[in-house]
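Below, each chain spelled out in residue letters.
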Amino acid sequence: MMAPTVASGHTSATATSGEPSPVTAPRQAYRQLRQWCEQLQRAVGQLVPGNHPTALTVRRLCQQTLEEAELLLRHHQSATVSLVLIGPTGSGKGWLARCFVRDAQLRQRIPSGQNADDRSRHLLWIGPQQPPGLDAGEDYLPVPASLMLDLGTPYLLGDAPGFSDWSAAVVRLSRRAMAAGALKILVLPQQILRDRAIPELLRQLPASHVVPVVCFRGQPGQTEPTAALREDAFHHWHHWQQATPSVQLHPPLFIPDADCYAPHNPEQAIQHVQKRLQDTLTPLLADPQQRQQGIAEEILARGELFRRTALSCFEELCHRTRPILQQLQHDLHKLLPELAFKMFGDDLHLGMIVRSQLRALWLHTTPLWCFPYRSILGLLIVTTNAWDRLIFALTGSLPSLALTTWQALRNLRMVSRQHLRQRLDFAAPLQDKARQVVTLYLEQIRRVVQAAQGSEHSPQQSVDQQVVVKIAGLDEFQQRCRHLLQHTVQAATARLWAPVVFATVATAVFLFLFSGPVIVIYRQYLETIIQVFHGEHVQWSDFPQPSFSVIVTSFILSVIPVAIIAMASLTWASRMHAVNQIVRKVREQLAHLIEQWQQQALLRWEVEEPQLQAVQYLLQLEGAAVQPAPPQTLASEQTDALLDGNTNLHP
């Protein structure tokens, strides 16, 4: 309501109709993550100083998350698929990495062994193409694609140092390896399946595809583990799945220990493991679109992990400001229903508007051929509340004519004022009232924020800083209210037969009364014409010569019943019961409309105050997640070009 909206929902980036294609999903996911991190850092900057420990922690986490997402994106842009071997120290990752190479001499260049001197403390990349952006502690062993194990697609293998050695350099390389790999191969000896570090490691791989490889010790030539070991491994595998539901954990792959399987022929063990790796990994790498979609989901999942970690730094602040903002939102929510009162006034003024529209609609539905009933109806509408003076004015009373004219002008001015009232900026007083409410709660929020900063509250600071409060969607709401009023009045009179009946009766009465002198005149005129055609002597004086006063008198006498019927029809049209019923229905529909628009955020308060927006943003993040970005635009394509050039884009 008072801060930038954060998209909520799951972190899935599944491509559907109208959504971006999976080919561009990783780039869009990274762009959305970068934008979200920038918004979060701006919000944090409004709450704590830049050198505050919390701000430094958020900035470090943001930079680390963006670096890992950028690394994953750059490996995705490469022509090869990145696979990484991760696991504890001494788990056999080096020997398994050798199984991906067909040449025996090249295998010897891959560090492997149980002794500390034989283990690698570097991140070794193996494959036909050098990975982008090699960092300190990373090595590259070029191996042609023809000498790599055939998995159906070109790939790049990364052998990460064991995570049991928690030195700063090893931790950094392990995180880079886990971030760069589209598919993680977790190598685990059978004796450490119960290690608690495994679920902790998997939690750092949200939405990643992980293939556990269990190395078991058996008899020479034994290709399958014992039933007890298999059952135990799957038991822990299910436990890992429950502990890390976001990880795409594939069924474990069992491979025998090389020293036990073929102690006198290591090549035989390698060939057996190569066959197992081909059967397991080839189907996982067969669909390029699925791999790209998985990378996009992993980028978004890393952003989700960062969101939860960053929010934990503001847990106390969110806990203390949440009830304040809830009460503020409740008080502002109660102010918006006053818009209808400000727009149409109380029931008396709204009844005047309804009565005016009823009379106008009654005139509109009267047929055009109903003369002089329709003309008299329009005159009576204009001179409402002065019908008695109108009658005297028609008899020649000049004072009554002046008073009738004055009342007609007042009626026209009142109708014009009513229509103008619906278009005035009536929200200004309501905004001033809302600003007072916001200022009251803002003082409490600033006390909490300054307590989190470790500084004392300064009341003068809150007084000097102006708060801008606006109503979003006000113009559309005004237009919708006018349409609602018109529609309600029209619906209440849509099937009424009274206008046509009154008009027909009044016209028939007028024609009946006025037809008497007209028939007499025409009868004399036709008789004289017949005499002329028979050759009789006819003088000009033989033709009827009615006086003007007779015609006027006949017209007035015929119009008087029509005017009485018109007065009765307008009285019926704007009767009190019908007006009150429409007013009550309009009030109910306006209340429902305001409630609906508030729920859909079409009509909402917008408060422009940096600290308040920052706190509101953090509270919104508690139930929100990073979502895929909108379709690609020219600006986003330029951003992608910078990424292709390996430009560092994180804050």
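These figures come from a predicted structure and were not determined experimentally.

What counts as what
Residues numbered from 1 in each chain as written. Predicted model: local features only at pLDDT ≥ 70, side-chain atom pairs only at ≥ 80, totals over all residues. Heavy atoms only, no water. Helix = DSSP H or I, 4+ residues; strand = E, 2+ residues; numbered from the N terminus. Buried < 20%, exposed > 50% of the residue type's maximum accessible area, 1.4 Å probe, protein only. Contact = heavy atoms within 4.5 Å. Areas by Shrake-Rupley, 256 points an atom, 1.4 Å probe, with all protein chains shown as cover. Expected span 1.5 Å × (residues − 1). Arc of directions from axis to C-beta. pLDDT = per-residue confidence, 0-100. Patch = residues over 30% accessible without salt bridge, like charges linked within 9 Å, V, L, I, M, F, W, Y side chains within 5 Å. Salt bridge = Lys/Arg side-chain N within 4 Å of Asp/Glu carboxyl O. Phe/Tyr/Trp six-rings, centres within 6.5 Å; stacked < 30°, edge-to-face > 60°. Lys NZ or Arg CZ within 6 Å of the ring centre and 35° of its normal. Polar contact = N/O pair within 3.5 Å; in protein donor to acceptor, adjacent residues only side chain to side chain. Core = buried A, V, L, I, M, F, W, Y, C linked by side-chain atoms within 4.5 Å. Axes fitted to C-alpha atoms, helices over the stretch in contact; angles between N-to-C directions. Left-handed = near helix turned anticlockwise from the far one by under 90°. Pairing = 2+ DSSP bridges.

So, the overall build of the protein
Here is step 1 of the chain: Along the protein, the regular secondary structure elements total 24 helices and 10 strands.
Here is step 2 of the chain: Looking at the 651 residues of the protein, the share that counts as buried comes to 45%.
Here is step 3 of the chain: A separation of at least 24 residues holds for 82% of the contacts in the protein among residues at least 6 apart in sequence.
Here is step 4 of the chain: Carbon and sulfur atoms provide 56% of the accessible area of the protein, an area that totals close to 33,200 Å².

Here we look at helix H7 (residues 227-243)
Here is step 1 of the chain: For H7, which comprises 17 residues, the first-to-last C-alpha distance of 24 Å matches the rise-based estimate of 24 Å (1.5 Å per residue) to within 8%.
Here is step 2 of the chain: Looking only at H7, the buried set comprises Leu 229, Asp 232, Ala 233, His 236, Trp 237 and Trp 240. Relative to the axis of H7, the buried residues are bounded by an arc of 140 degrees and lie together on one face. Facing away from the buried side of H7 by more than 90 degrees, the exposed set consists of Ala 227, Ala 228, Glu 231, His 235 and Gln 242.
Here is step 3 of the chain: Its buried side turned inward, H7 meets strand E5 (183-189), helix H6 (197-203), strand E6 (209-216), strand E7 (248-249) and strand E8 (253-256).

A word on the confidence of the model for the protein
Segments scoring low in pLDDT should not have their predicted coordinates read at a detailed level.
Here is step 1 of the chain: Looking at the protein as a whole, its pLDDT mean stands at 78, while 80% of the residues score no less than 70.
Here is step 2 of the chain: Predicted confidence is poor over residues 460-464, with pLDDT under 50, and the contacts of this stretch with residues over four places away or in other chains come to 5 contacts.

Some details on the environment of Pro 206
Here is step 1 of the chain: In this fold, Pro 206 is placed in the loop between H6 and E6.
Here is step 2 of the chain: For Pro 206, a relative accessible area of 4% puts it in the buried group.
Here is step 3 of the chain: Discounting chain neighbours no more than four positions away, the residues touching Pro 206 are Ser 246, Val 247, Glu 298, Ala 301, Arg 302 and Leu 305.

Thoughts on a nonpolar patch on the surface
Here is step 1 of the chain: Residues Phe 371, Phe 555, Ile 556, Leu 557, Ile 560 and Ile 564 make up a contiguous nonpolar surface patch of roughly 570 Å² in combined accessible area.
Here is step 2 of the chain: Tracing the chain through its elements places Ile 556 in helix H21 (residues 548-573).

Things to note about the packing of aromatic side chains
Here is step 1 of the chain: Under the counting rule described, the total for this entry stands at 10 aromatic pairs.
Here is step 2 of the chain: Taking the centre distance of 5.6 Å and the plane angle of 10 degrees together, the rings of Phe 510 and Phe 514 count as stacked. With Phe 510 and Phe 514 both in helix H20 (residues 498-533) and 4 residues apart, this pair spans about one turn of that helix.
Here is step 3 of the chain: Relative to Phe 555, the ring of Phe 510 has its centre 5.6 Å away and its plane inclined at 80 degrees; by these criteria the two rings are edge-to-face. One end of the pair, Phe 510, is in helix H20; the other, Phe 555, is in helix H21, and 45 residues separate them in sequence.
Here is step 4 of the chain: Of the aromatic side chains, those joined through ring pairs into one cluster are Phe 371, Phe 510, Phe 514 and Phe 555.
Here is step 5 of the chain: The ring of Trp 572 has Arg 575 lying over it, and the distance from NZ or CZ to the ring centre is 4.1 Å.

Let's talk about the side chain of Arg 446
Here is step 1 of the chain: The residue Arg 446 is located in helix H17 (residues 427-453) in this model.
Here is step 2 of the chain: A polar contact of 2.7 Å, which involves the side chain of Arg 446, links it to the side chain of Glu 609.

Remarks on the nonpolar core
Here is step 1 of the chain: In terms of nonpolar packing, the biggest core is built from 118 residues, with Leu 40, Leu 96, Phe 100 and Ile 126 touching the most fellow members.
Here is step 2 of the chain: Discounting residues that sit within four places of it in the chain, Ile 126 has contacts with Ala 97, Val 101, Ile 110, Leu 141, Val 143, Met 148, Leu 156 and Leu 157.
Here is step 3 of the chain: Grouped together as the second largest cluster of nonpolar side chains are 30 residues, Leu 71, Ala 160, Leu 188 and Trp 240 included.

Here we look at the packing of helix H19 (residues 474-492) against helix H22 (residues 576-599)
Here is step 1 of the chain: Their axes nearest at 10 Å, the elements H19 and H22 cross at an angle of 145 degrees. Handedness of the crossing formed by H19 with H22: right-handed. When H19 is examined against H22, the residues Glu 476, Phe 477, Arg 480, Cys 481, Leu 484, Leu 485, Thr 488, Val 489 and Ala 492 are found in contact with a partner set consisting of Ile 582, Lys 585, Val 586, Gln 589, Leu 590, Leu 593, Ile 594 and Trp 597.

Re the pattern of salt bridges
Once their charged atoms are close, side chains differing in charge can pair, the charge on each being opposite to the other.
Here is step 1 of the chain: All chains considered together, the criterion is met by 17 salt bridges.
Here is step 2 of the chain: Measuring nitrogen to oxygen at the nearest pair gives 3.0 Å for the salt bridge that ties Glu 608 to Lys 470. Separated by 138 residues along the polypeptide, Glu 608 in strand E10 (residues 604-608) and Lys 470 in strand E9 (residues 468-472) bring together distant segments of the chain.
Here is step 3 of the chain: With a shortest N-O distance of 3.1 Å, Glu 606 and Arg 604 are connected by a salt bridge.
Here is step 4 of the chain: Counted as one network, the salt bridges with shared partners bring together Glu 68, Lys 184, Glu 298 and Arg 302.

A short note on the environment of Ser 82
Here is step 1 of the chain: If you trace the backbone, Ser 82 turns up in strand E1 (residues 81-86).
Here is step 2 of the chain: With relative accessibility at 3%, the residue Ser 82 sits in the buried group.
Here is step 3 of the chain: Spatially, the C-alpha atom of Ser 82 lies 6.0 Å from that of Leu 157, the residues being 75 residues apart in sequence.
Here is step 4 of the chain: Each residue touching Ser 82, except ones within four places of it in the same chain, is listed here: His 75, Leu 156, Ala 180, Gly 181, Ala 182 and Leu 183.

Topic: the pairing of E1
Here is step 1 of the chain: By the criterion of burial, E1 is predominantly enclosed, with 6 of the 6 residues buried.
Here is step 2 of the chain: Neither face of E1 is exposed, since Val 81, Leu 83 and Leu 85 on one face and Ser 82, Val 84 and Ile 86 on the opposite face are all buried.
Here is step 3 of the chain: With 4 bridges joining them, E1 and E5 adopt parallel strand pairing. The residue bridging Val 84 from the neighbouring strand is Lys 184, located in E5.

A short note on the side chain of Ser 574
Here is step 1 of the chain: Along the chain, Ser 574 falls in the loop between H21 and H22.
Here is step 2 of the chain: On the basis of relative accessibility, which here comes to 10%, the residue Ser 574 falls in the buried class.
Here is step 3 of the chain: Among the polar contacts listed, one links the side chain of Ser 574 to the backbone oxygen of Leu 570, at a separation of 2.8 Å.
Here is step 4 of the chain: Sequence-distant contacts of Ser 574, that is, excluding residues within four places in its chain, are made with Arg 355, Arg 359 and Val 579.

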